[in-house]
Amino acid sequence: MTPQSLSATAAALRPPAPRQPLTGALACAPARPDLQAPPIGTLSPPVPPSALAKVLRSYRVGPLLEAVPVAEGLLNRGYRVTTATGSYFLKCYVDAATASRPVIAGQHRATAGLHRRGLPVAPPLAAAGGRTVTAHGGRLFALFPWIEGRHRHGTDLELPQCEALGALLARLHGALDEVCAARPQPAGYRSADPRDSARLAAALRLRARERQPYGAFDALAEQRLTERIELLAELAHRRPALDAAPPTGWTHGDFHGLNLLHRRGRVATVLDWDKLGPQPRAEEAVRAATLLFNHPLTGMLDLVRVRRYSQAYRAAGGARPEEMAAAAHRVWWERLNDFWILQWHYQRGDHRADPLFPASAGQLAWWCQEYEQVLDAFTN
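I will try to describe carefully the structure that is included in this document.

1. Comments concerning the side chain of Asp-218
Reasoning step 1: On the secondary structure map, Asp-218 appears in helix 6 (residues 216–235).
Reasoning step 2: Although Asp-218 is buried, it makes no salt bridge; Arg-211 carries the closest opposite charge, 4.6 Å away.
Reasoning step 3: At 2.8 Å, the side chain of Asp-218 forms a polar contact with the backbone nitrogen of Gly-215.
Reasoning step 4: Setting aside its immediate chain neighbours within four residues, Asp-218 contacts Ala-208, Arg-211, Pro-213, His-345 and Tyr-346.

2. Describing the sheet that holds strand 5 (residues 134–136)
For sheets, the rule is that strands pair by backbone hydrogen bonds, running either parallel or antiparallel.
Reasoning step 1: Reading across the sheet, the five strands line up as 2-3-4-6-5 and stay open at both edges, with antiparallel pairing between neighbours. The open sheet has two edge strands with one neighbour each: strand 2 (64–69) and strand 5. This sheet shows a mean twist of 30° between the axes of neighbouring strands, independent of strand direction.
Reasoning step 2: Summarising the sheet, strand 5 and strand 6 (residues 139–145) pair through three bridges and their orientation is antiparallel. Following the sheet pairing, Thr-134 is matched in strand 6 by Phe-141.
Reasoning step 3: The sheet contacts of helix 2 (residues 49–56) involve strand 2, strand 3 (77–83), strand 4 (86–93), strand 5 and strand 6, and relative to strand 2 the element is tilted by about 120°.
Reasoning step 4: Sheet strands touched by helix 3 (residues 101–116): strand 4, strand 5 and strand 6. Its angle to strand 6, the strand with the most contacts, is close to 10°.

3. Here's the deal with the pattern of salt bridges
Reasoning step 1: Applying the stated criterion across every chain yields a total of 19 salt bridges.
Reasoning step 2: Across the pair Arg-80 and Glu-148 runs a salt bridge, and its minimum N-O distance is 3.3 Å. On the criterion of sequence distance, the pair formed by Arg-80 in strand 3 and Glu-148 in the loop between strand 6 and helix 4 (159–179) is long-range, its members being 68 residues apart.
Reasoning step 3: The exposure class of Arg-80 is partly exposed, given its relative accessible area of 29%.
Reasoning step 4: Put simply, Asp-272 and Lys-91 hold a salt bridge, and the shortest N to O gap is 3.5 Å. Here Asp-272, found in the loop between strand 10 (266–270) and strand 11 (277–280), pairs with Lys-91, found in strand 4; they are 181 residues apart in sequence, far enough to count as distant.
Reasoning step 5: Using a relative accessible area of 8% as the deciding quantity, one classes Lys-91 as buried.
Reasoning step 6: One salt-bridge network, held together by shared partners, links Glu-283, Arg-287, Arg-330, Glu-334 and Arg-335.

4. Observations regarding the nonpolar core
Reasoning step 1: Judged by nonpolar contacts, the single largest core of 69 residues is most densely connected at Leu-172, Phe-255, Tyr-309 and Trp-332.
Reasoning step 2: Beyond its immediate chain neighbours, meaning those up to four positions away, Phe-255 contacts Leu-165, Leu-169, Leu-172, Leu-260, Val-270, Glu-284, Ala-288 and Leu-292.
Reasoning step 3: Among the nonpolar cores identified, the runner-up in size contains 16 residues, and Val-47, Tyr-59, Val-61 and Leu-143 belong to it.

5. A word on the packing of aromatic side chains
Reasoning step 1: Enumeration according to the criterion identifies eight aromatic pairs in this entry.
Reasoning step 2: Where Phe-217 meets Phe-357, the ring centres are 5.6 Å apart and the plane angle is 50°; that geometry is what we call tilted. Placement of Phe-217 in helix 6 and of Phe-357 in helix 11 (residues 357–369) is noted, with a sequence separation of 140 residues between them. This pair shows no difference in class: Phe-217 is buried, exactly as Phe-357 is.
Reasoning step 3: Residues Phe-293 and Tyr-309 carry aromatic rings whose centres are separated by 5.3 Å and whose planes lie at 65° to one another, so their mutual orientation is edge-to-face. Residue Phe-293 is located in the loop between helix 7 (281–292) and helix 8 (303–317), and its partner Tyr-309 is located in helix 8; the two are separated by 16 residues in the primary sequence.
Reasoning step 4: The buried category is assigned to Tyr-309, whose relative accessible area is 0%.
Reasoning step 5: Joined through ring pairs, the aromatic side chains of Phe-89, Phe-144 and Trp-146 make up one cluster.
Reasoning step 6: Note that Arg-348 overlies the ring of Trp-344, its terminal NZ or CZ placed 5.6 Å from the centroid.

6. Digging into the packing of helix 7 against helix 9 (residues 321–336)
Reasoning step 1: Interaxial distance between helix 7 and helix 9 falls to 8 Å at its minimum, and their mutual angle equals 55°. With respect to helix 9, the axis of helix 7 lies oblique. Of the two possible hands of crossing, helix 7 and helix 9 adopt the one that is right-handed. Seen from helix 7, the contacting residues are Ala-282, Glu-283, Ala-285, Val-286, Arg-287, Thr-290 and Leu-291; seen from helix 9, they are Glu-323, Met-324, Ala-327, Ala-328, Arg-330, Val-331, Glu-334 and Arg-335.
Reasoning step 2: Among the residues forming the contact of helix 7 with helix 9, the class breakdown is eight nonpolar, one polar and six charged.

What counts, and where the lines are drawn
- Residues numbered from 1 in each chain as written.
- Predicted model: local features only at pLDDT ≥ 70, side-chain atom pairs only at ≥ 80, totals over all residues.
- Heavy atoms only, no water.
- Helix = DSSP H or I, 4+ residues; strand = E, 2+ residues; numbered from the N terminus.
- Buried < 20%, exposed > 50% of the residue type's maximum accessible area, 1.4 Å probe, protein only.
- Lys, Arg positive; Asp, Glu negative; His and termini not counted.
- Salt bridge = Lys/Arg side-chain N within 4 Å of Asp/Glu carboxyl O.
- Polar contact = N/O pair within 3.5 Å; in protein donor to acceptor, adjacent residues only side chain to side chain.
- Contact = heavy atoms within 4.5 Å.
- Pairing = 2+ DSSP bridges.
- Axes fitted to C-alpha atoms, helices over the stretch in contact; angles between N-to-C directions.
- Core = buried A, V, L, I, M, F, W, Y, C linked by side-chain atoms within 4.5 Å.
- Phe/Tyr/Trp six-rings, centres within 6.5 Å; stacked < 30°, edge-to-face > 60°.
- Lys NZ or Arg CZ within 6 Å of the ring centre and 35° of its normal.
- Parallel < 35°, antiparallel > 145°, perpendicular 65-115°, else oblique.
- Left-handed = near helix turned anticlockwise from the far one by under 90°.
- Nonpolar A, V, L, I, M, F, W, Y, C, P; charged D, E, K, R; others polar.

From the geometry alone we can't say anything about function, so treat these as descriptive.
Written as structure tokens, this is what we have:
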């Protein structure tokens, strides 16, 4: 599909963006990485076993016998700890955006509420005095039950399991509105300015081109950034309008395969509620599908699975086709303007996300070519 036909299809869905911002409008993804913040998360110093043992003394689980770091994740540290009473997951909060006691306590209250409603969410265990957040050595910790299960990529799921996943996300969204404080609908969302994005892409391309030694990653980055600059110029008029977002509600914020554990053909638990917060709900459904049902090398989406997942999400949560269309368009625009992996690589010297770049960039180029087919999978 040419950019012209893509634009013609999108024009029926999105009115032109207004020139002046709405009062009370919020910024929306993609959020640019904070280049002043140090790259911490899993690059932070590990927690020594002696500190883990002291944290566990606050809980009625017995002394520490073994601690094994959990490999997955970029933002916080986690350990599988074994005591005389069994295995647990001990989380160390180090990401600046989430490592505060009020934020963590809010996540814990929400997950406890979801658990009481029968959803597959494991709330934290209470320490002495009933608290769920424990401080030690300037860091905050929480202890959770260890849930057996395994991560599964969406393309490995059978079609009924894809439907179950869409229905589960809809149920989570509905339940979150019950357990979290009500929030008014924002006046709108400011989407990324393609002119700013093009300037950023050009600066990153220069970094890639001048990198010494110049390697395969730099060559791919230069190629994809040249492609992106051209797409931004061709599609700049498709910037979503300020008032075009679907309804806002409480969301998990990071719903994808590494935050889901499967056991016996079902989701055993939904993990990692660090990004719990309000956002356009249908956008989380679309964003999750692009991470769950993508080819790990090319990024292309399995549209058969996307369709079944989306149908179940709409049926269980009541999202209308036009809301899913708006969400798909806005997430597509988000990806068109998003460079976080390359910003981490070239501006922060943090290469942990490098393996994600080929599929991410490939998906965006493919999505621009197959815009109508992707839109149809989310709405019909």
